[in-house]
Amino acid sequence: MNEQEFENLWQEAVMQGKSHRMALQYPQWERRVRRVRNSVLAVLVVGVMSATTLSFLLPSTPDEYYAVYTNRASVDDTQWVSLASEMLTIDII
């Protein structure tokens, strides 16, 4: 047996040992991967549900208008002010 044949046999024995060890550890690895995947998925689902719930529970920001713009320059500003005050004081039933 020369040195090259010995080296080939040695590498083959090492590879068989590693492949046997990997085959024995595969079920635990698969369970761990499944557990991590399910945990990440659960966290994402809870996050999306929480964000959706919070968006419905938080009060919406009211539309605030600080100015009125019109292309009718002939209409007096006081008319727009009175119209706005009437619209804001209407009782909504």
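Right above here is the structure, for reference.
Owing to the predicted nature of the structure, the values given are computational and were not obtained by experimental measurement.

Asker: Any chance you could break down the overall build of the chain for me, citing the residues and the numbers?
Answerer: Counting secondary structure elements, the chain contains two helices and zero strands. Per-residue burial over the chain gives 0% buried out of 93 residues. Total accessible area on the chain stands at roughly 9500 Å², and carbon and sulfur atoms take up 62% of it.

Asker: Give a detailed account of helix α2 (residues 77–89), specifying residues and quantitative values.
Answerer: With 13 residues, α2 should cover 18 Å at 1.5 Å per step; its first-to-last C-alpha distance of 19 Å lies within 8% of that length. The buried fraction of α2 amounts to zero of the 13 residues, a small share that puts the element mostly on the outside.

Asker: Which residues make up helix α1 (residues 3–57), and what values go with them?
Answerer: Compared with the 81 Å implied by 1.5 Å per residue over 55 residues, the 76 Å span of α1 between its first and last C-alpha is a close match. Considering bend angle alone, the principal kink of α1 is centred on Y26 and spans about 45°; proline P27 follows within four residues of it. N-capping of α1 is provided by N2, with a side-chain oxygen placed 3.3 Å from the backbone N of Q4.

Asker: Explain the pattern of salt bridges residue by residue, including any values.
Answerer: A full pass over the atoms with the stated rule returns one salt bridge. Residue E30 is joined to R34 by a salt bridge in which the shortest nitrogen-to-oxygen separation is 3.8 Å. Of this pair, E30 and R34 both sit in helix α1, separated by four residues, roughly a single helical turn. The exposure class assigned to E30 is partly exposed, which follows from its relative accessible area of 33%. Taking relative accessible area as the criterion, R34 reaches 38% and is therefore assigned partly exposed.

Definitions and limits used
- Residues numbered from 1 in each chain as written.
- Predicted model: local features only at pLDDT ≥ 70, side-chain atom pairs only at ≥ 80, totals over all residues.
- Heavy atoms only, no water.
- Helix = DSSP H or I, 4+ residues; strand = E, 2+ residues; numbered from the N terminus.
- Buried < 20%, exposed > 50% of the residue type's maximum accessible area, 1.4 Å probe, protein only.
- Areas by Shrake-Rupley, 256 points an atom, 1.4 Å probe, with all protein chains shown as cover.
- Expected span 1.5 Å × (residues − 1).
- Bend = angle between axes of the 7 residues up to and from the residue.
- Polar contact = N/O pair within 3.5 Å; in protein donor to acceptor, adjacent residues only side chain to side chain.
- Salt bridge = Lys/Arg side-chain N within 4 Å of Asp/Glu carboxyl O.

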